[in-house]
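# Summary of structural features
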Amino acid sequence: MSTMKIGIAGAGAMGSGIAQVAAMNGHEVVLYDAFAPSIEKADTSLNKILNSLQEKGKISNAAEILNRIKITGNINDFSGCGLVIEAIIEQLPAKQELFRKLEEITGENSILASNTSSLSVTLIAASCKKPERVVGIHFFNPAPLMPLVEIIPAVQSDLTILEQARKLIDSWGKTTVLAKDTPGFIVNRVARPYYGEAIRIYEEGVADFATIDWAMKEMGGFRMGPFELMDFIGNDINYTVTETVFREFFYDPRYRPSFTQKRQMESGRLGRKSGRGYYDYSEGAQLPEAKKDKVLGEKIVNRVLAMLINEAADALYLNIATAKDLDLAMTKGVNYPKGLLTWCDELGAEKVYAQLRELQDIYGEDRYRPSPLLRKHAENKTRFFSSSIVEKGV
């Protein structure tokens, strides 16, 4: 499989990153985009990145790697590819149209994969005559640096093909986790409260952006606070994923988007890329000071963490992934300081459950309903790891 020709559809940051990973692992790569400026930008970017890696002594064959990547505006160049990974705009009709074309161009044994972060892989596969060869392969940005890749079977996926795809990605040195085809898969589902509950705390006037970010970093151990992370991701992207997950989960209040982030997006305050988001990134701008109150900080961390753990527990309860893969996804995909289920075991499920019940009593909202699995662990004082409850999946 190491000699398989790999196709990447979409030459944006994600597509170019995946192309780099494949080429650095010895594959011939076809990187396609229908938009000429994207092709030019990808060519410039890949040359710059790989030559920089060589200058730093991290690789010694930049020219050889670059020669393996064919950047093209001709979709028919995918002919002969054993695997094509789609990394285009996150819109279902566009992806379905592309997959119909890919099916006509590639051989009948080629694997077709979507890098979608939140759309239904099953719906994408349904656009094909042979949906069994379609799978989800979700990288995280930047693809060359982030170790996690979510592998998602569509309802129609041939499990032998799925395993072939997973083994290939494993051979690239990536950490793969298997996730059920549900909105947001693992990471983009379980991480929603990190943003949503932080915004809710701000909206209630409990603390400002800087104080919430300080609490989650200094007291919670997260690498980035929720507001600086949303600014880094882009408020347009983060809001769209939240809105998609909310809609696809039939408007479950746990995932309800916020007006605060919607207004950021509408005003063009998208974060770092626009120069302004929750913070001002213009030259000479002063970042606001956090209120470093440890009592307040602990209150913030406990509230956000309880919501995160509850989401992970519910994902396990609904068989979205195994406990091991859920924890691995959050530490390798978004650099959480600990796996959320491991964290719950350390705190005690009864403590997390009590926090959620308190929030539910205060607000009277279904948003704070505890997962049935978390409740069982709290009542029985058991753990997620080395526990019969997990093994039985009840």
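This text goes with the structure placed above it.
Note that the structure is a prediction, hence the values are computed from the model and not measured. (Residues numbered from 1 in each chain as written. Predicted model: local features only at pLDDT ≥ 70, side-chain atom pairs only at ≥ 80, totals over all residues. Heavy atoms only, no water.)

Tallying secondary structure elements over the protein chain gives 18 helices and eight strands in all. Rg of the C-alpha trace for the protein chain: 22 Å, near the compact-globule value of 21 Å for 394 residues, within the 12% margin. When the 394 residues of the protein chain are sorted by exposure, 55% land in the buried category. When contacts within the protein chain are restricted to residue pairs at least 6 apart in sequence, long-range pairs at least 24 apart make up 68% of them. Split by element, the accessible area of the protein chain, about 17700 Å² in all, is 50% carbon and sulfur. A distance of 2 Å separates the average location of the 48 positive side-chain charges in the protein chain from that of its 50 negative side-chain charges. (Helix = DSSP H or I, 4+ residues; strand = E, 2+ residues; numbered from the N terminus. Rg over C-alpha atoms; globule rule 2.2 N^0.38 Å. Buried < 20%, exposed > 50% of the residue type's maximum accessible area, 1.4 Å probe, protein only. Contact = heavy atoms within 4.5 Å. Areas by Shrake-Rupley, 256 points an atom, 1.4 Å probe, with all protein chains shown as cover. Lys, Arg positive; Asp, Glu negative; His and termini not counted. Charge placed at Lys NZ, Arg CZ, Asp CG, Glu CD.)

The tally for this structure, following the rule as stated, stands at 22 salt bridges. Note that Arg 247 is salt-bridged to Glu 248, the shortest N-O span being 3.5 Å. For Arg 247, a relative accessible area of 36% translates into the label partly exposed. On the basis of relative accessible area, Glu 248 is assigned to the partly exposed category, the value being 35%. Salt bridges linked by common partners bring Glu 197, Arg 200, Glu 204, Arg 303, Glu 365 and Arg 367 together as one network. (Salt bridge = Lys/Arg side-chain N within 4 Å of Asp/Glu carboxyl O.)

Another aspect to go through is the pairing of strand S7 (residues 148-153). Here S7 lies mainly inside the structure; six of its six residues are buried. Burial along S7 is two-sided: Leu 148, Glu 150 and Ile 152 and Val 149, Ile 151 and Pro 153, pointing in opposite directions, are all buried. Pairing of S7 with strand S8 (residues 175-178) involves four bridges; the strand directions are parallel. Note that in S8 the partner of Val 149 across the bridge is Thr 176. Handedness of the crossover joining S7 and S8 through helix H6 (residues 159-171) is recorded here as right-handed. (Pairing = 2+ DSSP bridges. Right-handed = clockwise from strand over helix to strand, strands pointing away.)

This part covers helix H8 (residues 192-203). Between the first and last C-alpha of H8 there are 16 Å, a value that for 12 residues agrees with the 16 Å anticipated at 1.5 Å per step. Burial analysis of H8 places nine of its 12 residues in the buried class, which makes it a mostly covered element. Of the positions making up H8, those classed as buried are Arg 192, Pro 193, Tyr 194, Tyr 195, Glu 197, Ala 198, Ile 199, Arg 200 and Ile 201. Directly beyond the C-terminal end of H8, a positive phi value near 80° is found at Gly 205. (Expected span 1.5 Å × (residues − 1).)

Assignment of secondary structure puts Gly 333 in helix H14 (residues 323-333). Note on Gly 333: relative accessible area 4%, which makes it buried. Linking Gly 333 and Leu 66, residues 267 residues apart in sequence, is a C-alpha distance of 27 Å. If we skip the residues at most four places from it in the chain, Gly 333 touches Phe 140, Met 146, Leu 148 and Leu 328.

This brings us to the packing of aromatic side chains. Throughout the structure, instances matching the rule amount to 15 aromatic pairs. Ring centres 5.8 Å apart and planes at 50° place the aromatic pair Tyr 194 and Tyr 336 in the tilted group. Linking Tyr 194 in helix H8 with Tyr 336 in the loop between H14 and helix H15 (340-347), this pair joins segments that are 142 residues apart in sequence. Tyr 336 carries the same exposure label as Tyr 194, and that label is buried. Aromatic side chains Phe 246 and Tyr 251 sit 5.1 Å apart centroid to centroid with 85° between the ring planes, which places their arrangement in the edge-to-face category. One cation-aromatic arrangement involves Arg 200 over Tyr 363; the distance from NZ or CZ to the ring centre is 5.0 Å. (Phe/Tyr/Trp six-rings, centres within 6.5 Å; stacked < 30°, edge-to-face > 60°. Lys NZ or Arg CZ within 6 Å of the ring centre and 35° of its normal.)

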